[in-house]
Amino acid sequence: MIDFEDRLDEESKAVLEMIPESLLDLSDIPAARVAVAGLMEAMFASAPEIPGVDVEDHMAPGMPGDPDVMVRVYTPSGLEGPAPALYWIHGGGMVLGDVAMDDLRCKGVALEMGCVVASVEYRLAPEHPHPAPIEDCYAGLKWFAGNAGSLNVDTGRIAIGGASAGGGLAAALALLARDRNEVEICFQQLIYPMLDDRNITHASHYVQHPKVWNRTANVIGWSSLLGKPAGSDDVSPYASPARAEDLSNLPPAFIIVGELDLFVDEDIDYAQRLTQAGVPVELHVFPGAFHGSDLMVPTSENSQRWATIQREALHQALHS
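Starting from 1, residues in each chain are numbered consecutively following that chain's sequence as written. With the structure being a predicted model, the display of local features is reserved for residues of pLDDT at least 70 and the display and counting of side-chain atom pairs for 80 or more, all residues being used for whole-chain, interface and lining totals. Computation of side-chain values covers all heavy atoms of the structure but excludes hydrogens and water.

A. Geometry of the overall build of the protein. Across its full length, the protein carries twelve helices and eight strands. Throughout, the radius of gyration refers to the C-alpha atoms, and the reference size of a globule is 2.2 Å times the residue count to the power 0.38. Over its C-alpha trace the protein gives a radius of gyration of 18 Å, about what one expects of a compact globule, namely 20 Å for 320 residues. For the C-alpha atoms alone, the extent of the protein along its principal axes is close to 50 × 45 × 40 Å. A 1.4 Å probe rolled over the protein chains alone gives each residue an accessible area, and that area as a share of the maximum for its type sets the label: buried under 20%, exposed over 50%, partly exposed in between. Going through the 320 residues of the protein one by one, you find that 55% of them count as buried. Here, residues are in contact when the closest pair of their heavy atoms is within 4.5 Å. Put simply, 76% of the contacts in the protein that link residues at least 6 apart link residues at least 24 apart. Under the convention used here, Asp and Glu are negative, Lys and Arg are positive, and both His and the chain ends fall outside the count. To locate a charge, the coordinates of NZ of Lys, CZ of Arg, CG of Asp or CD of Glu are taken. The positive charge centre, built from 19 side chains, and the negative charge centre, built from 46, are 3 Å apart in the protein. Put simply, DSSP H or I for four residues or longer makes a helix, DSSP E for two residues or longer makes a strand, and each gets a number counted from the N terminus.

Right under this line is the structure:
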């Protein structure tokens with residue numbers, strides 16, 4: 001059994017000390033949304049602005065019977081195209097977060113990669129359970145690819161990606177895009193993706209720390225998305241990608257996760273199953289890293305190496 005606290009470096013311990021234990025208390029989801037939004041606002045207040053990126057919000061038609069979906073597009077000023085693109089999905093355990101929380105990330109990727117980035121504002125559970133979130137993500141992707149000409153995007157080089165719940169939705173989106181056969185995806189970048197509602201792995205039991213994404217929060221997040229208890233029968237693979245029986249003919253995948261992450265076991269298993277299905281996979285498991293540590297402790301040596309590997313993999317996928 002890995003002892004979570006003993007595996008943390010001193011910088012990580014200091015950062016976690018400053019986080020209130022109530023931050024991830026999902027017994028009151030509206031209050032948790034306010035708390036997370038406040039934390040994000042405080043972080044952005046001290047972050048340097050990223051110039052040279054044009055940002056524009058668009059409304060994509062929703063799937064039949066669904067509302068329109070906001071897609072925020074980030075384009076480096078003066079970008080010559082058609083250019084590669086990343087379609088990004090924010091995290092938040094299926095119940096938290098919004099496009100704005102990843103503004104700096106998306107601007108940075110657009111500028112550094114010389115690509116167009118689109119970020120989708122999907123509906124959140126529990127108010128909007130499955131399939132609302134994934135259908136919003138698909139509607140936004142379909143609009144993005146369909147308007148590639150006016151957005152200066154190369155339709156043959158559209159990657160998808162996301163972190164945490166966004167990583168899980170990106171994995172589900174790859175499955176849905178394969179099965180509907182309307183949009184071509186060249187690559188899926190899955191950052192500690194939330195893949196399996198069943199919570200039956202070793203890691204899903206031992207990560208109980210109240211200041212990181214833990215088992216209690218994860219069960220609430222999944223149950224909110226599914227509209228029934230996590231681990232129930234008859235769960236769609238478009239909600240919980242680990243449930244998919246067929247992982248063949250999916251785009252190449254990059255998966256990165258920390259050894260102290262609740263999702264480490266399910267992410268390793270998904271990577272192995274992708275490989276067995278003939279899908280090219282690059283998998284990284286970082287020692288001493290916990291869920292979100294790359295963002296919470298960005299100056300650590302571990303996080304710096306993480307960022308370099310993640311950045312290089314995306315660059316290769318978009319520009320090779």
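B. Geometry of the side chain of Ser119. Its place among the elements puts Ser119 in strand S4 (residues 116-121). Assessed through its relative accessible area of 0%, Ser119 is described here as buried.

C. Broad picture of the pattern of salt bridges. A pairing counts as a salt bridge when a side-chain nitrogen of Lys or Arg comes within 4 Å of a carboxyl oxygen of Asp or Glu. On inspection of all chains with the given rule, the structure shows 16 salt bridges. A salt bridge links Lys13 to Glu10; the shortest N-O distance between them is 3.6 Å. Here Lys13 and its partner Glu10 are both found in helix H2 (residues 10-18), three residues apart, which amounts to about one turn of the helix. A relative accessible area of 29% means that Lys13 is categorised as partly exposed. Overall, Glu10 belongs to the exposed group, its relative accessible area being 58%. Between Glu127 and Arg33 there is a salt bridge; the shortest N-O distance is 2.8 Å.

D. Highlighting the environment of Gly278. Within the fold, Gly278 resides in the loop between helix H10 (264-276) and strand S8 (281-286). Looking at Gly278, the relative accessible area reads 61%, which means it is exposed. Distance from Gly278 to Leu24, taken between C-alpha atoms, is 38 Å for residues 254 residues apart in sequence.

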